[in-house]
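Here's the letter readout for the chains.
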Amino acid sequence: MTDSKYFTTTKKGEIFELKAELNSDKKEKKKEAVKKVIASMTVGKDVSALFPDVVNCMQTDNLELKKLVYLYLMNYAKSQPDMAIMAVNTFVKDCEDPNPLIRALAVRTMGCIRVDKITEYLCEPLRKCLKDEDPYVRKTAAVCVAKLHDINAQLVEDQGFLDTLKDLISDSNPMVVANAVAALSEIAESHPSSNLLDLNPQSINKLLTALNECTEWGQIFILDCLANYMPKDDREAQSICERVTPRLSHANSAVVLSAVKVLMKFMEMLSKDLDYYGTLLKKLAPPLVTLLSAEPELQYVALRNINLIVQKRPEILKHEMKVFFVKYNDPIYVKLEKLDIMIRLASQANIAQVLAELKEYATEVDVDFVRKAVRAIGRCAIKVEQSAERCVSTLLDLIQTKVNYVVQEAIVVIKDIFRKYPNKYESVIATLCENLDSLDEPEARAAMIWIVGEYAERIDNADELLESFLEGFHDESTQVQLQLLTAIVKLFLKKPTETQELVQQVLSLATQDSDNPDLRDRGYIYWRLLSTDPVAAKEVVLAEKPLISEETDLIEPTLLDELICYIGTLASVYHKPPSAFVEGSRGVVHKSLPPRTGSSESAESPEAAPTGAPPSEQPAVIPAQGDLLGDLLNLDLGPPVSGPPMTTASVQMGAVDLLGGGLDSLMGDESEGMGGTNFAAPPAGTMPATLSAPIGGGLGDLFDLTSGVGTLSGSYVAPKAVWLPAMKAKGLEISGTFTRQVGSISMDLLLTNKALQVMSDFAIQFNRNSFGLAPAAPLQVHAPLSPNQTVEISLPLNTVGSVMKMDPLNNLQVAVKNNIDVFYFSTLYPLHILFVEDGKMERQMFLATWKDIPNENEAQFQIKDCPLNAEAVSSKLQGSNIFTIAKRNVEGQDMLYQSLKLTNGIWVLAELRIQPGNPNFTLSLKCRAPEVSQHVYQAYETVLKN
Amino acid sequence: MIHSLFLINCSGDIFLEKHWKSVVSQSVCDYFFEAQEKAADVENVPPVISTPHHYLISIYRDKLFFVSVIQTEVPPLFVIEFLHRVADTFQDYFGECSEAAIKDNVVIVYELLEEMLDNGFPLATESNILKELIKPPTILRSVVNSITGSSNVGDTLPTGQLSNIPWRRAGVKYTNNEAYFDVIEEIDAIIDKSGSTVFAEIQGVIDACIKLSGMPDLSLSFMNPRLLDDVSFHPCIRFKRWESERVLSFIPPDGNFRLISYRVSSQNLVAIPVYVKHSISFKENSSCGRFDITIGPKQNMGKTIEGITVTVHMPKVVLNMNLTPTQGSYTFDPVTKVLTWDVGKITPQKLPSLKGLVNLQSGAPKPEENPSLNIQFKIQQLAISGLKVNRLDMYGEKYKPFKGVKYITKAGKFQVRT
């Protein structure tokens, strides 16, 4: 006799059978039938067709049956609003029932039915229930206000329910108080400006009283609410702390952590000389440690929070290092967090133990964990100076294991140790060099190259080593390329006589053969430095480096203080303030954990240049150096690249002169050849020729844009997405989208300053791209952007910029400059912003062109789950400049023939097959440049589905 | 607050869903499956996952995933604690928390979930309140119900729901009044290669089984309460009395519950009742190695150590093991590479040992990592911390209850590095 019988189906058809049973006269049979319905519902089956039959069972004395019907109603009322109204009478009647359980059940269920018509009837019963004599009904009604607010906020305000709810904070029953606080907190969260929970000493006192008597969950709500209160002086803070401390011994870990939050926050106000301050510190340690003996999921959240607490007040847990030692059967997410905290707690007193543990971990099986353990050893060396020697010898032992990933991690951290303690451990370089061949990860290679360059004078064969790296220069990642460039320049400055060839080679590789603006820029700067003033170059390149800081991964103090206020919340798990990820920021995925350590990260451009693109596809006519130089200089000056080519040319000539002359003086006769190649750059006058590049279409077409008569409606605009997260851009966050309206394209940007300093002097520039998109005006940010300020900008674009085929085709690389730095990011633009307004082809022309384009250029796609009919489809597409030329009906299928034209004059012809009743369409695209088909299809998808 | 709950079994089927607000599509679980795939091992799935519109907070219990969907900022611990409470409740109602048990009682499960949360706010999570609202299934009751047509849903407001002691209902009656306490201590320890203790602590709990009529008021005192400086209490315990007198004073819930849990930290000396002598070696460039472990008693306070099991995760290159135990039996699973040796109890005259050969994959390099030994054991009639109950007094009721205390020490996460 188990419930699994409810899942068995019969041949006749389940719904039919259930219907008969629900209408049975026998009570027992009815109940069984409703149970079957609920069982189907729990596994996500749709049983909404039974709605009237189930509602008929509602009027009953049997409480179980009533509850079951209510369960059903909550799930399906929304889909059957007219039928749901049938239930209202019973609800209203039940709200008057003498049994408080039934009154509460009725008001609770009514609040869960998210149907406007029912909500209207809910107000009166709810008002009564909020003042019910039975506290159970009152506490249920309090939550109901929050439900109603979620459905219809205005109604709740108009009916004065919020005031009634505030009154409930002074209710005599602690459970009612707790629920009122919970409801108000939830409402306040959706209305941050409303001052719902204005706490004063009196209400605080009531909350503290209720705290002792309500359920564990109620305690969490009350503690979280208390944490928002600002005591007027230290005495009040202390008295609140005293009354909150007993919660630290609660069995529910959420209560404990919420109490910790209140204490951590109010401790700020207490003087450190106070005896009570010391007592409180001592009391905080045991509950935090206890959290670590709970289930692993709880441990994880606790560890993320402890990580914050340890940064804020390291003294609390300084004696508890051992509880963070890793057990081999801990889940990996617990292991990694424990390791992080171990480093934070490492000090001279316990470093021996910590190192012994870390060495043990470095021989474990899990690769991620081992890597982090090796890295941790390096961090210990940097943090505790006395241990550096031991750490280095431990790392050398680990290198001897020859386990590939261990060796690579070790080399990365040894580089940091060199930077922290210069001229101390260089004797190990020989050992490092032995392992050169096994390094296959960019970070390790870059670290090794840095070491070779930095200590070139001590390594006899430094030039050979670096030369061996240079062979595969183009296959290296940007990080390695940049490092190699710098290292060779260092080497040259140290041993100029033997390495001239090498330096020439790397400079030309970086400046002539690379498309990465970072690399090019750095190459040119070195080149110019070396050529104009070798002495200055020495001063710049071989300058004394600042010692790296003790802890590169500490959370910024202001952010830390903010996060301490969010202990126990999601923000504390992600170590980000809630503003960064809760609500409002639709579509933002924050999966990253706190930023990793690594001093070389800043040198790395966040977007790797598309070095992978096959060179044969690149337009050959692009005047490589001239253009690159233009980029470099323009970036310095600010205005966008769209200016006339002639100005660029003149600047370029000047720069080349400068370079050539200077180099001569440095290199002597040998460099003549190189200077020569510089001058060999084609004159800038050939610039427009680049437009003829990959996808065809004449120059004239490009200007169609301006003459095109646009329909007034704009095409579909995707929601803004974050393009440049603040983490990667020293606090500048950029999100944006592309729009096309009345024939003009623009890039709508949202710049947010998440740093602590004012940002100004913004400029933007695009790398060459497939369709020549370029800013039509400079980036206008009128006032400097102060911290936490956001500004919205619409940047008009044109399509007369220089063209280079990108992979993917719609990739756009953007550089944004401000007073702090230059940042790079890349984004994909939806192709439909390039569909021009005069993209409607003549019928005859269409037919001819369709035949003309070879069949191998035809591509077929499926558009799935689109519920529209042919008319709706064609009007929707028309809004985005996809024009329907003809419509035919073939064997019950609608065939739409459509055309569109891209800004560079490429025509795309389409045949869209729609079968009535079938939400899946077939799209056939024909185009002379078949590589755009995929993106046109994506544009179709986007337009149709939004 | 908690929006929805999905129950997922190990093969990735969503076999139950419950929504407390609007319905969230099952497809949200795809993000969870993605994370599960990435984690490889079920135990390594991160408990908090963010998706574009929701957060998924999950726990893994009894081979089931409880995945909750969150839309607004909620304390994750609150959600995790609640999910564990849900699993506890299933365990309590059905005797086990398994897919089969849940499917067999799907209607009760649904009713329970509805009773436990309202609009995402916890409503009734105390077992005794739930049991008054929805009676647990028993064979007898379902037979009776099907004959008389009565239901297993209570139709009066549970008395505990609003009182200051929500954990106890009024009108409890027993013919035999009894109060039993189990003092259970688990030793968590890491022992290094040389046999010295890297880390050790005791995780203790006192579980109670109280079947007393009426409203008894109990006081439990200890011989050495100073040991307990890091404790978590059941809400029934009066904190003030503990602070001032170091006495546990409480009106108990009815039935089984955890009265306190405590930790005796590593600063105090934690006795380690067993030692392990081991020698595990792999020869360079040969496809075999030697394995030899011996277990012996140490600081066992004169009690017998029993129920000993040793589990070892051998390195991946180990193909098979050919061993001889002096007592007990061993198994080696060549797929998971787990060696399990079921030892039984230690007799000091003849120490149990397990030795023999290890076959390695030929040609593979000698394993770098050394396996850790995971040891389980039990000692009856002993709380290793030395904690002793002094007396139990009852006030408020006139009858004389039966009282009893049992002590047991077990290995928790007890591992020996080699």
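Above this note sits the structure.
The following paragraphs examine the structure supplied in this document. Keep in mind that what you see is a predicted model, and the values were worked out from it rather than measured. (Residues numbered from 1 in each chain as written. Chains lettered and ligands numbered in written order. Predicted model: local features only at pLDDT ≥ 70, side-chain atom pairs only at ≥ 80, totals over all residues. Heavy atoms only, no water.)

The next thing to look at is the overall build of chain A. When helices and strands are counted, chain A shows 39 helices and 13 strands. The burial tally for chain A puts 58% of its 946 residues in the buried class. Restricting the contact set of chain A to residue pairs at least 6 apart, pairs at least 24 apart contribute 68%. For chain A, the computed accessible surface area is about 38400 Å², with 52% contributed by carbon and sulfur atoms. (Helix = DSSP H or I, 4+ residues; strand = E, 2+ residues; numbered from the N terminus. Buried < 20%, exposed > 50% of the residue type's maximum accessible area, 1.4 Å probe, protein only. Contact = heavy atoms within 4.5 Å. Areas by Shrake-Rupley, 256 points an atom, 1.4 Å probe, with all protein chains shown as cover.)

Residues and elements named next belong to chain B. Overall, antiparallel pairing links the five strands, which are arranged β2-β1-β5-β4-β3 in an open sheet. At either end of the open sheet lies a strand with only one pairing partner, and these are β2 (14-19) and β3 (48-50). Strand-to-strand, the axes of this sheet are offset by a mean angle of 20°, without reference to chain direction. The pairing of β3 with strand β4 (residues 55-61) spans three bridges and is antiparallel. Residue pairing in the sheet places Ser 50 in a bridge with Tyr 55 of β4. (Pairing = 2+ DSSP bridges. Axes fitted to C-alpha atoms, helices over the stretch in contact; angles between N-to-C directions.)

Here the focus is the sheet that holds strand β12 (residues 907-914) of chain A. All names here are of chain A. Here five strands make up an open sheet; going across it, the order is β9-β13-β12-β11-β10 and the pairing antiparallel. The open sheet has two edge strands, β9 (858-863) and β10 (883-890), and neither has a second partner. Averaged over all neighbouring strand pairs, the angle between strand axes comes to 20°, with direction disregarded. The sheet contact formed by β10 and strand β11 (residues 893-901) spans seven bridges and is antiparallel. Its bridge partner being in β11, Asn 889 is matched across the sheet by Asp 894.

Okay, the nonpolar core next. Residues and elements named next belong to chain B. Formed by 276 residues in total, the largest nonpolar core has its most connected members in Phe 66 and Phe 90. Discounting chain neighbours no more than four positions away, the residues touching Phe 90 are Leu 7, Phe 66, Gly 95, Glu 96, Cys 97, Ile 102, Val 109, Leu 112 and Leu 113. Residues Trp 167, Trp 242, Tyr 262 and Ile 308 belong to the second largest nonpolar core, which totals 75 residues. (Core = buried A, V, L, I, M, F, W, Y, C linked by side-chain atoms within 4.5 Å.)

With that settled, the discussion passes to the packing of aromatic side chains. Taken as a whole, this structure holds 30 aromatic pairs over all chains when the rule is applied. Seen from their ring centres, Tyr 574 of chain A and Tyr 55 of chain B are 5.9 Å apart, and the 55° between their planes marks the pair as tilted. One end of the pair, Tyr 574 of chain A, is in helix α31 (residues 570-574); the other, Tyr 55 of chain B, is in strand β4, on a second chain. Residue Tyr 574 of chain A shares its accessibility class with Tyr 55 of chain B, and that shared class is buried. Connected via pairs of aromatic rings, a cluster forms that spans Trp 217 and Phe 221 of chain A together with Phe 78, Phe 82 and Phe 121 of chain B. Taking the ring centre of Phe 369 of chain A as reference, the NZ or CZ of Lys 335 of chain A above it sits at 5.1 Å. (Phe/Tyr/Trp six-rings, centres within 6.5 Å; stacked < 30°, edge-to-face > 60°. Lys NZ or Arg CZ within 6 Å of the ring centre and 35° of its normal.)

When two helices pack together, their arrangement is given by the angle between their axes and by how far apart the axes lie. Residues and elements named next belong to chain A. As a packed pair, helix α24 (residues 442-454) and helix α25 (residues 462-470) sit with axes 10 Å apart at the nearest point and diverge in direction by 150°. The angle between α24 and α25 places the two elements in the roughly antiparallel class. Handedness of the crossing formed by α24 with α25: left-handed. Contacts between α24 and α25 involve Arg 445, Ile 449 and Val 452 from the former and Ala 462, Leu 465, Leu 466 and Phe 469 from the latter. Its residues assigned to classes, the contact of α24 with α25 comprises six nonpolar, no polar and one charged. (Parallel < 35°, antiparallel > 145°, perpendicular 65-115°, else oblique. Left-handed = near helix turned anticlockwise from the far one by under 90°. Nonpolar A, V, L, I, M, F, W, Y, C, P; charged D, E, K, R; others polar.)

Size of an interface, as often reported, equals the accessible area lost when the parts are brought together. Between chain A and chain B, the contact holds 105 residues from the first and 95 residues from the second. Taking both sides of the interface into account, the surface hidden between chain A and chain B amounts to around 8700 Å²; carbon and sulfur atoms contribute 58%. Together, Trp 217, Tyr 328 and Leu 570 of chain A form the three largest contributors to the area buried by chain A at its contact with chain B, with a combined 9%. Counting across the interface, chain A meets chain B through ten salt bridges. The tally of links from chain A across to chain B stands at 21 residue pairs in polar contact (both at pLDDT 80 or more). Within the side of chain A that touches chain B, the residues separate by chemical class into 54 nonpolar, 23 polar and 28 charged. (Buried area = accessible area lost by both parts, 1.4 Å probe. Salt bridge = Lys/Arg side-chain N within 4 Å of Asp/Glu carboxyl O. Polar contact = N/O pair within 3.5 Å; in protein donor to acceptor, adjacent residues only side chain to side chain.)

Residues and elements named next belong to chain B. With respect to the element layout, Ser 353 can be found in strand β20 (residues 353-360). Distance in space between the C-alpha atoms of Ser 353 and Ile 295 is 6.4 Å, their sequence separation being 58 residues. Excluding residues that lie within four positions of it along the chain, Ser 353 makes contacts with Ile 293, Thr 294, Thr 324, Pro 325, Thr 326 and Trp 341.

The next point concerns the pattern of salt bridges. Residue and element names in this part refer to chain A. Following the criterion strictly, the structure yields 57 salt bridges over all chains and no others. In this structure, Asp 53 and Lys 19 form a salt bridge, with 3.3 Å as the shortest nitrogen-oxygen distance. Here Asp 53 is found in helix α3 (residues 51-56), whereas its partner Lys 19 is found in helix α1 (residues 14-22), with 34 residues between them in sequence. By relative accessible area, which is 35% here, Lys 19 ends up partly exposed. Measuring nitrogen to oxygen at the nearest pair gives 3.7 Å for the salt bridge that ties Glu 268 to Lys 312.

Read these as geometric descriptors, not functional statements.
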